[in-house]
Amino acid sequence: MQAYHLPSVSANNFLPNLQSQFVPETQNETQQQRFQDQSLGEKEKKRRALVVDDVADVTEMLSVLLTHAGYDVRTASSAAAALSSAKQDQFDVIISDIGMPQMNGYELARAVREIPGYEAVPMVALTGYSKFDDRQRSLDAGFNAHLTKPIEPRELLDLIDQL
């Protein structure tokens, strides 16, 4: 029985490793550079998401979901941290809890809308607040949509795509 050595594969070296198995050695360097250039271009095109929740399990779950869907994700455990991140970087979508200590999600949405470049960035309230007027309060504060926890992951991704 013959043993085969398979290279260690990660997201960063998948294409070069794959092509090295099928492309003659003389073409590897040129092809590898082309694949790396393509990978860099794809990374630059990734949409950026900011996830805000004071419960670490929620931010982690949403981060995994959005990363798997192709987003570059940053998380914040407070509205103040999220506001700081939004001032430093430009995000394509912001998903935030409402009920957080010190500064709540409504206050965060109003503050983010005042940052130049964030006037039209999609914002989704993802919250346990489900009373009859909570959805309207979210919209009035500057959110584009209001989802009540627990959520169906596909519903969130579809909603973000629609915004």
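Now for a quick tour of the structure.

Moving on: the overall build of the protein. Each helix and strand in the protein was counted, giving seven helices and five strands. Counting helices and strands in the order they occur from the N terminus, the protein gives α-α-β-α-β-α-β-α-β-α-β-α. Buried positions account for 38% of the 163 residues belonging to the protein. Look at the contacts in the protein between residues 6 or more apart in sequence, and 59% of them connect residues 24 or more apart. Within the structure as shown, the protein displays about 10100 Å² of accessible surface, and the carbon and sulfur contribution to it stands at 51%.

This brings us to the nonpolar core. Ranked by size, the top nonpolar core spans 23 residues in total, and within it Leu50, Val52, Ile94, Leu108, Val112 and Tyr118 carry the most contacts. Only strand S1 (48–52), helix H4 (79–88), helix H5 (105–113) and strand S4 (123–127) provide two or more residues apiece to this core. A total of five residues in this core trace back to one element, the largest contributor, which is H5. Aside from chain neighbours lying at most four places away, what touches Leu50 is Arg74, Thr75, Ala76, Ala82, Ser85, Phe91, Val93, Ile94 and Ile95. Ranked by size, the runner-up nonpolar core spans 19 residues in total, among them Ile95, Ala145, Leu147 and Leu156.

With respect to the helices and strands, the residue Ser138 is situated in helix H6 (residues 134–141). Setting aside its immediate chain neighbours within four residues, Ser138 contacts Ile98, Tyr106, Ala125, Phe143 and His146.

Taking 1.5 Å of rise per residue, the 13 residues of helix H3 (residues 56–68) would be expected to cover 18 Å, and the 18 Å separating its terminal C-alpha atoms lies within 8% of that figure. Buried within H3 are the following residues: Val58, Thr59, Leu62, Ser63, Leu65 and Leu66. Within H3, the buried residues cover an arc of 165° as seen down the axis, which keeps them to one side. With respect to the buried face of H3, the exposed residues turned more than 90 degrees away are Ala56, Asp57, Glu60, Val64 and His68. The elements touched by buried residues of H3 are S1, strand S2 (72–76), strand S3 (93–96), S4 and helix H7 (153–162).

Considering the arrangement of structural elements, one finds Gln136 in helix H6. Gln136 sits ten residues away from His146 along the chain, and the two C-alpha atoms are 8.5 Å apart.

Buried within H6 are the following residues: Asp134, Ser138 and Ala141. One side of H6 carries all its buried residues, which in axial view fall inside an arc of 70°. Tucked inside the fold, the buried residues of H6 contact H5, S4 and strand S5 (145–148). Directly beyond the C-terminal end of H6, a positive phi value near 125° is found at Gly142.

Attention now goes to the pairing of S2. With five bridges joining them, S1 and S2 adopt parallel strand pairing. The residue bridging Val51 from the neighbouring strand is Thr75, located in S2. A crossover links S1 with its parallel partner S2, the connecting element being H3, and its sense is right-handed.

Remark: H4 packs on H5, axes separated minimally by 10 Å, with the N-to-C direction vectors making an angle of 15°. With respect to H5, the axis of H4 lies roughly parallel. Here H4 runs over H5; the crossing is right-handed. Listed contacts from H5 to Ala79, Ala82 and Leu83 of H4 are Leu108, Ala111 and Val112. Class assignment of the residues belonging to the contact of H4 with H5 gives a composition of six nonpolar, no polar and no charged.

Analysis parameters
- Per chain, residue numbering runs from 1 following the sequence as it is written.
- This being a predicted model, a pLDDT of at least 70 is required before a residue's local features are given, and a value of 80 or more before pairs of side-chain atoms are given or counted; all residues contribute to the totals for chains, interfaces and linings.
- Water and hydrogen atoms play no part in the side-chain values, which are based on all heavy atoms of the structure.
- Secondary structure elements follow DSSP: runs of H or I of four or more residues count as helices, runs of E of two or more count as strands, with numbering from the N terminus.
- Exposure categories follow from relative accessible area, calculated using a 1.4 Å probe and restricted to protein chains: below 20% of the type maximum is buried, above 50% is exposed, and the middle band is partly exposed.
- Whether two residues are in contact is decided by their heavy atoms, any of which lying within 4.5 Å being enough.
- All accessible-area figures derive from a Shrake-Rupley calculation using a 1.4 Å probe, and residue coverage is judged against the displayed protein chains alone.
- To define a nonpolar core, start from buried Ala, Val, Leu, Ile, Met, Phe, Trp, Tyr and Cys residues and group those joined through side-chain atoms within 4.5 Å.
- Expected helix span is given by 1.5 Å per residue-to-residue step, counting one fewer step than there are residues.
- What the arc covers is the set of directions going from the helix axis to the C-beta atoms.
- Strands qualify as paired when DSSP identifies two bridges or more between them.
- Throughout, right-handed denotes a crossover for which the path from the first strand over the helix to the second runs clockwise when the strands point away from the viewer.
- A fitted line through C-alpha atoms represents every axis, and for helices the fit uses only the stretch in contact; the resulting angles, taken between N-to-C directions, go from 0 to 180 degrees.
- Roughly parallel here means an angle under 35 degrees, roughly antiparallel means over 145, roughly perpendicular means 65 to 115, and every remaining angle is called oblique.
- Should the near helix be turned anticlockwise from the far one by less than a right angle, the crossing is termed left-handed; should it be turned clockwise, right-handed.
- Side-chain classes follow a simple rule in which Ala, Val, Leu, Ile, Met, Phe, Trp, Tyr, Cys and Pro form the nonpolar group, Asp, Glu, Lys and Arg form the charged group, and the remainder, Gly included, forms the polar group.

Keep in mind these values describe shape, not function.
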